[in-house]
Amino acid sequence: EAGVAQSPRYKIIEKRQSVAFWCNPISGHATLYWYQQILGQGPKLLIQFQNNGVVDDSQLPKDRFSAERLKGVDSTLKIQPAKLEDSAVYLCASTQKGTSGRVEQFFGPGTRLTVL
Amino acid sequence: TQLLEQSPQFLSIQEGENLTVYCNSSSVFSSLQWYRQEPGEGPVLLVTVVTGGEVKKLKRLTFQFGDARKDSSLHITAAQPGDTGLYLCAGALSASKIIFGSGTRLSIRP
């Protein structure tokens, strides 16, 4: 079974530029998450999709970040314009509907963003 | 605000020693996951615990879920350099709400 795919793996941009990340979850996984992970810290949820609908985007900085999952499969996360503090690893994860309260996330390798 | 406090934040020990990492919260979780993350990679699921008081073993790793399902521990016996990494706990408040701990960075010295 193929895992969660993300691209690009690395991106270096200058502040005020735009950047987009792509994620393809595991086939059949209805729920998709985007996380921001600052070096050495735990992941911080940016947005959660259930199929093509948004479940939680309460921590997404909506003035500069946007995300979509138009067909309920792959997803893109965009930052426009980028700031220095956006330098982080952006992780995508997916889950299938579990039983007995189990929510097991499968993560992609992440995109390391450096904003200069 | 729901928080999942993880301790210690950093741990550096000698190969062969034992260690325990803790996750604590005031919230009750329907399940709790432990992940390990290596540099340049995404977190990889180690185990899921669901039942209060549950104990699961994965070779030299022992995971325990608190009786009230608010806390969990990870115990590593005879640590090896290959255990080095960032350990993360994640609690499921519901099927759609997961919170992560801040992580424990573990370094095992040969």
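Structural data are supplied above this passage.
Cut-off values and rules
- Residues numbered from 1 in each chain as written.
- Chains lettered and ligands numbered in written order.
- Predicted model: local features only at pLDDT ≥ 70, side-chain atom pairs only at ≥ 80, totals over all residues.
- Heavy atoms only, no water.
- Helix = DSSP H or I, 4+ residues; strand = E, 2+ residues; numbered from the N terminus.
- Disulfide = S-S within 2.5 Å.
- Buried < 20%, exposed > 50% of the residue type's maximum accessible area, 1.4 Å probe, protein only.

Enquirer: Would you take a moment to explain unusual backbone geometry for this structure?
Expert: Glycine aside, the phi torsion of most residues is negative, and most peptide linkages are trans. Cis geometry is adopted by the peptide bond preceding Pro8 of chain A, which originates at Ser7 of chain A and carries an omega value of -10°. For Pro8 of chain A, the position within the fold is in the loop between strand 1 (5–7) and strand 2 (10–13). The amide bond that connects Gln80 of chain A to the next residue, Pro81 of chain A, takes the cis arrangement and shows omega of -5°. Structurally, Pro81 of chain A can be placed in the loop between strand 8 (75–79) and strand 9 (88–95). Phi at Lys59 of chain B takes a positive value of approximately 55°, unusual for a residue other than glycine.

Enquirer: Is there a simple way to explain the state of the cysteines in this structure?
Expert: Note on terminology: disulfide describes a covalent bond linking the sulfur atoms of two cysteines. As enumerated under the stated definition, the model contains 2 disulfides over all chains in all. There is a disulfide in this structure between Cys23 of chain A and Cys92 of chain A, and the S-S distance comes to 1.9 Å. Given an S-S torsion of about -70°, the disulfide between Cys23 of chain A and Cys92 of chain A has left-handed geometry. One end of the pair, Cys23 of chain A, is in strand 3 (residues 19–24); the other, Cys92 of chain A, is in strand 9, with 69 residues separating them in the sequence. Cys92 of chain A shares its class with Cys23 of chain A; the two are buried. Covalent S-S linkage joins Cys23 of chain B and Cys89 of chain B, the inter-sulfur distance amounting to 1.6 Å. Residues Cys23 of chain B and Cys89 of chain B are joined through a disulfide that is left-handed, its torsion about the S-S bond being -90°. Taken as a pair, Cys23 of chain B in strand 3 (residues 19–24) and Cys89 of chain B in strand 9 (residues 85–94) lie far apart in primary sequence, 66 residues in all. Like Cys23 of chain B, the residue Cys89 of chain B is buried in the burial classification.

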